[in-house]
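Spelled out from the first residue to the last, the chains are:
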Amino acid sequence: MNKLGYDNLYHLISVANVLHCENSDQIVYNVIEEYELKQGNFHIDDVNRELCTNIPSELDMGKVYTRLIVDTLYPDEDYIEGIIRIYNDQICKTLDDYNNGAYYEPSYVIARAYKNGEF
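Residues numbered from 1 in each chain as written. Predicted model: local features only at pLDDT ≥ 70, side-chain atom pairs only at ≥ 80, totals over all residues. Heavy atoms only, no water.

Undergrad: Quick rundown of the environment of Y108? Include the residues and the values.
TA: Considering the arrangement of structural elements, one finds Y108 in helix α7 (residues 107–116). Spatially, the C-alpha atoms of Y108 and R67 are 8.9 Å apart, while their sequence positions differ by 41 residues. (Helix = DSSP H or I, 4+ residues; strand = E, 2+ residues; numbered from the N terminus.)

Laid out in structure tokens, this is it:
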């Protein structure tokens, strides 16, 4: 999110209704190339299989993050600012650690954990 910045993220969100009709792999490739994004070292499947038998899909996690962003928007904050705020918070490390199952919690529990600063 930080690499994209507010304006580029705003643009991508504003054209999402058109881009959703395109090949998603091609869109990802284009965004990576256009914004010169680099591969990180996070591996989604690096989990303890005894604790995590089902890795959530991108859409599942997108729903978790969307609800968290909407549930915690400040009165003077727009959606893009909310995205950037949430993705820069420590709660992402908890939600993205599929060994603990925090992403399965109801949205109000996740929002409360965010506001309290811990699960």
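Undergrad: Would you mind going over the pattern of salt bridges in detail, with residue names and values included?
TA: Using the criterion set out here, one finds one salt bridge in the structure. Across the pair E77 and R85 runs a salt bridge whose closest N-O atoms are separated by 2.8 Å. The class of R85 is buried, set by a relative accessible area of 17%. (Salt bridge = Lys/Arg side-chain N within 4 Å of Asp/Glu carboxyl O. Buried < 20%, exposed > 50% of the residue type's maximum accessible area, 1.4 Å probe, protein only.)

Undergrad: Account for the packing of helix α1 (residues 5–14) against helix α5 (residues 79–87), naming residues and giving values.
TA: Angle between the axes and distance between the axes are the two parameters that describe a pair of packed helices. α5 packs onto α1 with a crossing angle of 115° between their chain directions and a minimal axis gap of 10 Å. Once α1 is placed against α5, the crossing between them reads as right-handed. For the pair α1 and α5, the contacting residues are G5, Y6, L9, Y10 and I13 in the first and I80, E81, I83 and I84 in the second. Of the residues belonging to the contact of α1 with α5, the class tally is seven nonpolar, one polar and one charged. (Axes fitted to C-alpha atoms, helices over the stretch in contact; angles between N-to-C directions. Left-handed = near helix turned anticlockwise from the far one by under 90°. Contact = heavy atoms within 4.5 Å. Nonpolar A, V, L, I, M, F, W, Y, C, P; charged D, E, K, R; others polar.)

Undergrad: Before we move on, could you go through the packing of helix α4 (residues 58–71) against α5 and cite the residues and values that matter?
TA: Their axes nearest at 9 Å, the elements α4 and α5 cross at an angle of 115°. As the angle between them shows, α4 and α5 are arranged roughly perpendicular. Every pair of crossing elements has a handedness; the one defined by α4 and α5 is right-handed. Residues Y65, T66, L68, I69 and V70 of α4 form the contact with α5, whose own contacting residues are Y79, G82, I83, R85, I86 and Y87. (Parallel < 35°, antiparallel > 145°, perpendicular 65-115°, else oblique.)

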